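Commentary on secondary and tertiary structure
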Amino acid sequence: MACILGVTLSARQEVPDSYEYSPGKHQPPYAHHPSSPYHQQAAAQQHQQNQSEAGSPASDAVMIKIDVSSPVRGDDQQRYPKEIGKTLLALLFLAFNFFLATVSLSLVHDRVPDRDTHEPLPDAFLDRVAPQDWALDVSEILIMIVVNSCVVLITFHKHRFIVMRRVFLLLSILYLMRSMTMYVTVLPVSSRTYYCSPKSNASSATVIVKRAFQLISGMGLSINGKQIYCGDYIYSGHTVTLVLGYLVISEYSPKRFWPIHWLYWAASLTGVVMVLVAHGHYTVDVLIAYYVTTRLFWTYHTLANNSLLLKRNVRGPIPLQYDLPISMPASWMKKSPKLPGRES
């Protein structure tokens with residue numbers, strides 16, 4: 001009995017309650033034998049650990065390099081290209097249609113009903129306001145102010161070539177339509193005091209071209225004495241210029257300049273009213289000119305500012321940015337050296 005207890009106590013002292021099968025810890029002497037279960041189990045654990053390390057996300061991760069292009073100066077030019085060739089083409093189109101309008105007026109002048117036998121047509125405004133010749137000069141002075149303001153604005157606009165060809169295209173369409181409407185329907189002279197040049201019984205091509213160049217030299221204004229031909233009604237060229245000038249200033253200048261916008265709106269409205277006070281046009285001429293100009297301007301800019309409606313090179317509305325029309329010398333653009341201060 002004592003022997004059995006002794007063997008049992010010695011066995012409890014020699015054999016631990018649990019074994020750690022990690023390599024090198026509490027392994028029996030025969031654990032390193034290749035055929036021992038301990039060696040096989042340790043090898044299986046080591047193989048499983050190697051597979052888990054080899055198949056971990058960290059080891060399988062692949063680095064993908066994405067090249068992100070840094071902002072380039074040319075990006076703005078690619079989005080808003082100058083396209084000077086298109087601008088020159090639009091200018092030539094405007095010159096042709098302006099010349100066509102002057103030729104139309106030169107032909108219409110000889111077809112105007114005689115003022116001695118044909119009274120002005122009944123008009124709701126003209127019949128109630130006595131004609132004032134000075135009012136036409138006021139209207140044309142306002143036209144020159146609005147036009148010159150548009151020229152200055154477009155000159156200092158950063159994307160001036162885009163704005164220029166848009167204005168050229170709109171004016172071309174308006175003058176083309178005006179040359180047709182004034183020719184197909186000739187109205188009696190609306191003013192009894194406005195001077196009209198004598199008619200030519202035989203209007204040759206030489207006479208027509210001479211009249212056209214005389215009108216072009218005076219830009220179609222009466223204040224310089226070049227506009228002495230009658231019959232340019234339906235629709236009013238004065239109203240077209242005043243309304244389009246206001247729309248350009250309002251569209252391509254910052255919205256915070258709203259007092260200036262209201263000022264040019266008042267100037268345009270005053271110029272239109274002065275045309276009627278001078279009996280330079282019938283009221284229907286002014287209404288048609290306003291309607292055609294505003295609808296053409298708004299329709300064109302709706303299409304131009306939406307890439308889904310019109311495919312074009314200029315993508316999106318033009319930003320209201322301004323710069324000098326000519327590049328300054330590089331030496332002028334250098335920053336002055338920073339003077340040492342207290343922090344240096």
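Residues numbered from 1 in each chain as written. Predicted model: local features only at pLDDT ≥ 70, side-chain atom pairs only at ≥ 80, totals over all residues. Heavy atoms only, no water.

As recorded in an unreviewed UniProt entry, the chain goes by Sphingomyelin synthase-like domain-containing protein and comes from Anopheles albimanus. Here the chain is described in UniProt, under the heading Sequence similarities (unreviewed entry), as follows: "Belongs to the sphingomyelin synthase family." UniProt, in its Subcellular location (unreviewed entry) section for the chain, records the words "Membrane". (UniProt positions renumbered as here; feature names shortened; annotations may be inferred.)

Here the focus is the overall build of the chain. Counting secondary structure elements, the chain contains 12 helices and 0 strands. Start at the N end of the chain and walk to the C end: the helices and strands fall as α-α-α-α-α-α-α-α-α-α-α-α. Of the roughly 22,400 Å² of accessible surface on the chain, a fraction of 64% belongs to carbon and sulfur atoms. (Helix = DSSP H or I, 4+ residues; strand = E, 2+ residues; numbered from the N terminus. Areas by Shrake-Rupley, 256 points an atom, 1.4 Å probe, with all protein chains shown as cover.)

So, on to the packing of aromatic side chains. If you walk through the whole model with that rule in mind, you get 4 aromatic pairs. Ring centres 5.1 Å apart and planes at 90° place the aromatic pair F98 and Y175 in the edge-to-face group. A residue pair is termed long-range when its members are at least 10 positions apart, and F98 in helix α5 (residues 84-109) and Y175 in helix α7 (residues 160-184) qualify at 77 residues. (Phe/Tyr/Trp six-rings, centres within 6.5 Å; stacked < 30°, edge-to-face > 60°.)

In this section: the pattern of salt bridges. This model, assessed by the stated rule, comprises 6 salt bridges. One salt bridge connects D110 with R211, and the closest N-O pair in it is separated by 3.2 Å. Taken as a pair, D110 in the loop between α5 and α6 (133-156) and R211 in helix α8 (residues 205-217) lie far apart in primary sequence, 101 residues in all. For the salt bridge of D232 with R178, the shortest nitrogen-to-oxygen distance reads 3.4 Å. Taken together, the residues D232 in the loop between α8 and α9 (237-252) and R178 in helix α7 connect sequence positions 54 residues apart. Connected via shared salt-bridge partners are E83, K86 and R165. (Salt bridge = Lys/Arg side-chain N within 4 Å of Asp/Glu carboxyl O.)

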